[in-house]
Amino acid sequence: MSTTPIARLLGIMARLRDPEGGCPWDLAQTPASIVPYTIEEAYEVADAVEGGDPEELRDELGDLLFQVVFQARIAEEAGRFAFDDVAAAIADKMVRRHPHIFGEVRGLDPEAVNAQWAAIKAQERADKTRSGRAAPAGTLSGVPLALPALARAEKISRKAAAVGFDWPDAAEVVAKVREETDEVAQALAGEGPEAVAEEIGDLLFSVANLARHAGVDPEEALRRANLKFQRRFAAMEAEVTQAGRTLPEAGLAAMEAAWVAVKRRER
């Protein structure tokens, strides 16, 4: 008897969680214990997209889907909801949040679509509050604590900006970044590690705001910068060590010269 791939996957998950003969590791997991794996898989999807390998992306999307199936199975065992409920809920949400596609609204540009999306989300939150499903929410609520700090900073500042608490343009944010950089320098010159950490945090928050004003995803920008540094460092290391020297033996001057050469070649 044939079955769909998703039905097969759900069956595999049920077998893994079967109290009689299931996998001991899978049976020991809870919704909280598998969250780190879910986050890791999401980042591996991002890496696969960056790498441009369709087969790798397919595999990583499968790993991420398995995390959804895993959470849904645990919830089903507890009598809360099942995978079909998850799929139905997101389908309903997408239809509800796209009235310009599935309803009668027409002719919206991207900016109007974003505004409509935000208004619908706000209405959904208000409905949850009235129904008792959620506590009254402030302007900055609803940003997940589990987000990477840089991404969370961008989302928090975006919510503040939505009610008018924002710099008028990117130039003023650049000035704020310079101000925060000066404060970091002052802290380094004569204050303790806690003060330095606080000032660096302020600087990073200001940079996240600058990215938002520039229309740049700060988390993605930093991820790309990390990859660029890794690529250039590997090329520099290969150049310096080809004569049999280690990096410490070669010294900073040789490493810097090779680094400049690598950057020049990339241009």
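About the criteria used
- Residues numbered from 1 in each chain as written.
- Predicted model: local features only at pLDDT ≥ 70, side-chain atom pairs only at ≥ 80, totals over all residues.
- Heavy atoms only, no water.
- UniProt positions renumbered as here; feature names shortened; annotations may be inferred.
- Helix = DSSP H or I, 4+ residues; strand = E, 2+ residues; numbered from the N terminus.
- Expected span 1.5 Å × (residues − 1).
- Buried < 20%, exposed > 50% of the residue type's maximum accessible area, 1.4 Å probe, protein only.
- Contact = heavy atoms within 4.5 Å.
- Phe/Tyr/Trp six-rings, centres within 6.5 Å; stacked < 30°, edge-to-face > 60°.
- 1 Å grid on protein atoms, 1.4 Å probe; cavity = no way out; pocket = protein on both sides within 12 Å on 5 of 7 lines; lining within 4 Å.
- Points joined across faces, edges and corners; volume = space filled by probe spheres on them.
- Nonpolar A, V, L, I, M, F, W, Y, C, P; charged D, E, K, R; others polar.
- Domains from an automatic or database assignment.
- Axes fitted to C-alpha atoms, helices over the stretch in contact; angles between N-to-C directions.
- Left-handed = near helix turned anticlockwise from the far one by under 90°.

- The name given to the protein chain in an unreviewed UniProt entry is Nucleoside triphosphate pyrophosphohydrolase, with the source organism recorded as Methylobacterium platani.
- UniProt lists a comment for the protein chain under the heading Sequence similarities (unreviewed entry), and it reads "Belongs to the nucleoside triphosphate pyrophosphohydrolase family."

1. Details of the UniProt feature "domain: NTP pyrophosphohydrolase MazG-like" (unreviewed entry) in the protein chain
Phase 1: The UniProt entry lists residues 29–102 and 174–232 under the feature "domain: NTP pyrophosphohydrolase MazG-like" (unreviewed entry), expressed in the numbering used here.
Phase 2: Each end of residues 29–102 is marked by a C-alpha atom, and these two atoms are 39 Å apart; helix forms 80% of the span and strand 0%.

2. Concerning helix 10 (residues 193–213)
Phase 1: Taking 1.5 Å per residue as the helical rise, helix 10 with its 21 residues ought to reach 30 Å, and the 30 Å between its terminal C-alpha atoms agrees with that figure.
Phase 2: Residues of helix 10 that are buried include every one of Val196, Glu199, Leu203, Ser206, Ala208, Asn209, Ala211 and Arg212, and no others.
Phase 3: Positive phi shows up at Gly215, right after helix 10, with a value of about 75 degrees.

3. Description of the environment of Ile6
Phase 1: Relative to the helices and strands, Ile6 is located in helix 1 (residues 5–16).
Phase 2: Apart from the residues lying within four places of it in its own chain, the contact partners of Ile6 are Leu65 and Phe83.

4. Comments concerning the packing of aromatic side chains
Phase 1: Scanning the entire structure with this criterion turns up 4 aromatic pairs.
Phase 2: With a centroid separation of 5.2 Å and 45 degrees between ring planes, the pair formed by Phe229 and Trp259 is classed as tilted. Here Phe229 is found in helix 11 (residues 218–241), whereas its partner Trp259 is found in helix 13 (residues 252–266), with 30 residues between them in sequence.
Phase 3: Since its relative accessible area comes to 17%, Trp259 is described here as buried.

5. Details of the side chain of Glu154
Phase 1: Within the secondary structure, Glu154 sits in helix 8 (residues 149–162).
Phase 2: Look at Glu154 and you get buried, because its relative accessible area is 10%.
Phase 3: Excluding its chain neighbours within four sequence positions, the residues that come into contact with Glu154 are Ala208, Arg212 and Pro218.

6. Quick look at the layout of surface pockets
Phase 1: Considering only enclosed or pocket space, the largest pocket measures out at about 770 Å³ in volume.
Phase 2: Residue lining of the largest pocket: 20 residues in total, with Ala118, Lys121, Arg125, Arg158 and Lys159 positioned closest to the centre.
Phase 3: Counting residues per element, the ones that place at least two in the lining of the largest pocket are helix 7 (110–131) and helix 8.
Phase 4: Ranked by residues supplied to the lining of the largest pocket, first place goes to helix 7 with 7 residues.
Phase 5: By residue class, the composition of the lining of the largest pocket is 9 nonpolar, 5 polar and 6 charged.
Phase 6: Each of two domains, domain 2 (99–132) and domain 3 (153–216), supplies a minimum of three residues to the lining of the largest pocket.

7. A few points about the packing of helix 8 against helix 10
Phase 1: Axis separation between helix 8 and helix 10 bottoms out at 9 Å; the angle between their running directions is 65 degrees. The interaxial crossing formed by helix 8 with helix 10 has right-handed handedness. Judged by residue contacts, Leu150, Ala153, Glu154, Ile156, Ser157, Arg158 and Ala161 of helix 8 engage Leu204, Phe205, Ala208, Asn209 and Arg212 from helix 10.
Phase 2: Broken down by class, the residue content of the contact of helix 8 with helix 10 amounts to 7 nonpolar, 2 polar and 3 charged.

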